[in-house]
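Descriptive structure summary
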Number of protein chains: 2
Amino acid sequence: MTRQQILFLEDLAVGDEFHSAEQRLDEAQMIDFARQFDPQPFHTDSVAAKDTFFHGLAASGWYTAAVTMKLLAGSMPLGGGLIGAGCELQWPRPTRPGDILQVVSTILKIVPSRSRPDRAIVTVECLTRNQRADVCQRMVTQLVVMRRSAHAPTTGPSVP
Amino acid sequence: MTRQQILFLEDLAVGDEFHSAEQRLDEAQMIDFARQFDPQPFHTDSVAAKDTFFHGLAASGWYTAAVTMKLLAGSMPLGGGLIGAGCELQWPRPTRPGDILQVVSTILKIVPSRSRPDRAIVTVECLTRNQRADVCQRMVTQLVVMRRSAHAPTTGPSVP
């Protein structure tokens, strides 16, 4: 898939895969995020983190999730945007400063809306792997995806 | 619950509730977050957002999740920290600039680890509500919680 091609429901099929760019995790940004949103020593202080559950500085899972969103936004160009109704998240292992993350997203299911024929709920598995191919985050998300034929800027009502 | 009281597994029971402080969502911080992690027009541009699914600027769900984490960290003082193994998230409605969020967390389940008697998996429902008491995010999360007796003696209060 090229970045420029905008995709609608008609373009998607179960099994389609989307590979993101890579992003190297910067320790300063990781710590800055944690100070704002998840101020716990194992996320903010590399020395204090040694004596914790994580045995060293680990990113907040919400930072890993946010970086995953950025990589997903750059790799799955849906018309109307990436609109999540909800998701399941697992963090089987921590991400660390210097890790290089990449997200591979696979369409698991497409369920057309009964009440709104202009859209479907598309279930996508997004695996966030580090440079050793270890899965650091598994997300299964439900996206609201519009049909091309229905897409017009003013048609979208509130959350389904 | 007072902020100062550090809680361990022995202190928790199904049904316990934790009420966070309130946080007003700042438009500039909301947009800054979206530019870094979720650069879509309905999250970054209040004018362009009018003609989208959200009918106006809406926070990234990941920003709502991050603010929720901050409010949770301030309201559920677990010894050893808040360590999430995974969660389910739903965003039934968007959060908007100026919304005032509060998180109420309720313990749903406590399952002692079979292999590691020093800990349990505690399932917590965290409802993030706005100033009209509308639920903007529902999270059900699994936390790893340590027993006081297994925790290093210098970090927790003495056993009564």
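About the thresholds
Residues numbered from 1 in each chain as written. Chains lettered and ligands numbered in written order. Predicted model: local features only at pLDDT ≥ 70, side-chain atom pairs only at ≥ 80, totals over all residues. Helix = DSSP H or I, 4+ residues; strand = E, 2+ residues; numbered from the N terminus. Buried ≥ 20, exposed ≤ 12 C-beta atoms within 10 Å, placed from the backbone. Contact = placed C-beta atoms within 7 Å. Least-squares fit on C-alpha atoms with pLDDT ≥ 70 in both. Pairing = 2+ DSSP bridges. pLDDT = per-residue confidence, 0-100. Axes fitted to C-alpha atoms, helices over the stretch in contact; angles between N-to-C directions. Parallel < 35°, antiparallel > 145°, perpendicular 65-115°, else oblique. Nonpolar A, V, L, I, M, F, W, Y, C, P; charged D, E, K, R; others polar. Arc of directions from axis to C-beta. Expected span 1.5 Å × (residues − 1). Core = buried A, V, L, I, M, F, W, Y, C linked by C-beta atoms within 7 Å.

Thoughts on the overall build of chain A
Secondary structure assignment for chain A yields three helices and five strands. The helix and strand sequence of chain A, counted from the amino end, reads β-α-α-α-β-β-β-β. Considering only C-alpha atoms, chain A reaches an extent of 55 × 30 × 25 Å along its principal axes. Of all 160 residues assigned to chain A, the portion counted as buried reaches 36%. Taking as baseline every contact in chain A between residues at least 6 positions apart, the subset at least 24 positions apart corresponds to 70%.

Section: the relation of the copies chain B and chain A
Each copy of the chain is related to the other by a rotation around an axis and a translation along that axis. Structural alignment of chain B on chain A gives an RMSD of 0.0 Å, achieved by rotating through 180° and translating 0.0 Å along the axis. In the structure described here, the two chain copies are related by an operation that fits a two-fold rotation axis. Considering only C-alpha atoms, the part of chain B nearest the rotation axis is Glu88(B), at 2.2 Å.

Regarding unusual backbone geometry
Trans is the common state for peptide bonds, and a negative phi is the common state for residues other than glycine. One non-glycine residue, His55(A), adopts positive backbone phi at about 50°. For His55(A), the location among the structural elements is in the loop between helix H2 (41-44) and helix H3 (61-73).

What to know about the pairing of strand S5 (residues 135-146) of chain B
All names here are of chain B. Direction of pairing for strand S2 (residues 84-90) relative to S5: antiparallel, over a ladder of six bridges. Bridged to Gly84 within S5 is Leu143. Here strand S4 (residues 119-129) runs beside S5; their pairing, made up of 11 bridges, is antiparallel. Bridged to Leu127 within S5 is Arg138. The hairpin formed by S4 and S5 contains five residues between the paired strands, and Ala133 there has a positive phi angle of roughly 70°.

Examining the confidence of the model for chain A
Averaged over all residues, the pLDDT of chain A is 91; the fraction at 70 or higher stands at 91%. As scored by the predictor, the complex reaches a pTM of 0.90 and an ipTM of 0.89.

Some details on the packing of H3(A) against helix H3 (residues 61-73) of chain B
It is at 10 Å that the axes of H3(A) and H3(B) come closest, and there the two elements cross at 170°. In this view, H3(A) runs roughly antiparallel relative to H3(B), as classed from their interaxial angle. Listed contacts from H3(B) to Trp62(A), Ala65(A), Ala66(A) and Met69(A) of H3(A) are Trp62(B), Ala65(B), Ala66(B) and Met69(B). Here the contact of H3(A) with H3(B) is composed, by residue class, of eight nonpolar, no polar and no charged.

Let's talk about the sheet that holds strand S3 (residues 100-112) of chain B
The strand order across the open sheet formed by 10 strands is S1(A)-S3(A)-S4(A)-S5(A)-S2(A)-S2(B)-S5(B)-S4(B)-S3(B)-S1(B), and the pairing between neighbours is antiparallel. Each having just a single partner strand, strand S1 (17-24) of chain A together with strand S1 (17-24) of chain B make up the two edges of the open sheet. With strand direction ignored, the average angle separating the axes of adjacent strands in the sheet is 20°. For strand S2 (residues 84-90) of chain A and S2(B), the ladder comprises five bridges, and the chain directions are antiparallel. Across the sheet, Glu88(A) pairs through a bridge with Glu88(B), a residue of S2(B). Packing against the sheet, H3(B) makes contact with S2 of chain A together with S1, S2, S3, S4 and S5 of chain B, and its axis sits at approximately 70° to S3(B).

Focus on the interface of chain B and chain A
Contacts between the two partners involve 30 residues from chain B, matched on the other side by 31 residues from chain A. Elements with a minimum of two residues in the side of chain B that touches chain A: H3 and S2 of chain B.

A short note on helix H1 (residues 27-37) of chain A
Looking only at H1(A), the buried set comprises Met30(A), Phe33(A), Ala34(A) and Phe37(A). Across the axial projection of H1(A), the buried residues extend over an arc of 95°, all falling on one side. Buried residues in H1(A) make contact with H2 and H3 of chain A together with H3 of chain B.

Some points on H3(B)
With 13 residues, H3(B) should reach 18 Å at 1.5 Å per residue; the first-to-last C-alpha distance of 18 Å fits that figure. Judged by how many residues are buried, H3(B) sits mostly within the fold: 13 of 13 residues are covered.

Re the nonpolar core
Counting 72 residues, the largest nonpolar core has Trp62(A), Tyr63(A), Ala66(A), Trp62(B), Tyr63(B) and Ala66(B) as its most contacted members. What Trp62(B) contacts, discounting residues up to four positions off in sequence, is Ala65(A), Ala66(A), Met69(A), Phe37(B) and Asp38(B).

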